[in-house]
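What the coordinates show
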Amino acid sequence: MTWKRPEHIPYPSVWHTFQAKDTESDQVVTYRVQDLPEERFEEAIAHMMEYFVYDEPTCRAKDIVNEQQSVDEIADLWREFVKLRLVLVCFKEGSDEIAGMNMLYVSQQSDKEEYQCKGSVWRCIYDLVDYTMKKANVYERYGVDKYLGAMGLSVAPNYRGRGIATEILRARIPLCKAVGLPLTSTCFTAIGSQVAAAKAGYEETYVVSYEDMAKVDERFVFPNITTKYVKCMSKRVE
């Protein structure tokens, strides 16, 4: 990943604010989506390890938490992402508790280095995502040479049911505008994130069922998975 955040863009910046119910009552309060501050990097990794690896359908189906090498490798990848200063985090006004976050990076057509991982579970999940994004043909379809990608969208249990995932996905657009990225595109593996992306105005670029993915590679069998499709969903930055 050779992309660098433009130095003239203030960091951390707030990209989006919205109103939603409080966690303690039905009162409507303000939430903000902003850059993840540097001093919160490791806390953000811990958040993802506490929630995402247990909740995300493919991770759960393959029981990734019981393969330490895979868990370590995904954490190391997220540590590379946070260095780019693109990761988004959501806070309720008046609180410093992480309500939700999105692990973001920049995919560039010119990047030739292939990411390598050795844990069998993480390799399988990564290859599923990689296959989907290659079939989506994002660079050619949208006529871009780089875009904002993601690998990990999470909302803390106490904050769910408030549309926070949708608002985090909306916040990608002003972020992209500021740093000069023409598109955001992601492989969404869960029905919840797919619904959130649709509400945020993302279109379906490529859709394939988990049933059909199992025919592509025998590793792509995810026991008891309840989401029906894997979807690459994208949104142009206008």
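Because the structure is predicted, anything quoted here is derived from the model rather than measured. Along each chain, numbering runs from 1 in the same order as the chain's sequence is written. Given that the model is predicted, a residue must reach a pLDDT of at least 70 before its local features are reported, and side-chain atom pairs must reach 80 or more before they are shown or counted; all residues, however, enter totals for whole chains, interfaces and linings. Excluding hydrogens and water, the side-chain figures rest on all heavy atoms present in the structure.

Within strand E4 (residues 100-108), 9 of the 9 residues are buried, leaving the element largely enclosed by the surrounding structure. Think of it in three bands: with a 1.4 Å probe and only protein chains considered, a residue is buried below 20% of the maximum accessible area for its type, exposed above 50%, and partly exposed in between. The helix and strand labels rest on DSSP assignments: H or I over at least four residues marks a helix, E over at least two residues marks a strand, and numbering proceeds from the N terminus. Neither face of E4 is left uncovered, since the one carrying Gly100, Asn102, Leu104, Val106 and Gln108 and the one carrying Met101, Met103, Tyr105 and Ser107 both have all their residues buried. Only when DSSP finds a minimum of two bridges between them are two strands counted as paired. Taken together, the 3 bridges between strand E3 (residues 88-92) and E4 define a ladder with antiparallel strand orientation. Directly across from Leu88, in E4, lies its bridge partner Asn102. Sheet analysis places E4 next to strand E5 (residues 146-155), joined by 8 bridges and oriented antiparallel. Bridge pairing links Asn102 to Leu153 in E5.

Any Lys or Arg side-chain nitrogen located within 4 Å of an Asp or Glu carboxyl oxygen qualifies as a salt bridge. The final tally for this structure, using the stated rule, is 18 salt bridges. Residue Lys92 is joined to Asp22 by a salt bridge in which the shortest nitrogen-to-oxygen separation is 2.7 Å. With Lys92 in strand E3 and Asp22 in the loop between strand E1 (14-21) and strand E2 (28-35), this residue pair connects regions lying 70 residues apart in the sequence. By relative accessible area, which is 12% here, Lys92 ends up buried. Judged by relative accessible area, which is 11%, Asp22 ranks as buried. With a closest N to O distance of 3.7 Å, Arg32 and Glu93 form a salt bridge. Remark: Glu93 occurs in the loop between E3 and E4 and Arg32 occurs in strand E2; sequence separation between them is 61 residues. By relative accessible area, Arg32 is classed as buried at 18%.

A separate point is the UniProt feature "domain: N-acetyltransferase" (unreviewed entry) in the protein chain. UniProt positions are given in the numbering used here, feature names are shortened, and annotations may be inferred rather than shown by experiment. If you check UniProt for "domain: N-acetyltransferase" (unreviewed entry), the listed places come out as residues 145-181 in our numbering. Secondary structure across residues 145-181 comprises 43% helix and 27% strand; the distance between its end C-alpha atoms is 9 Å.

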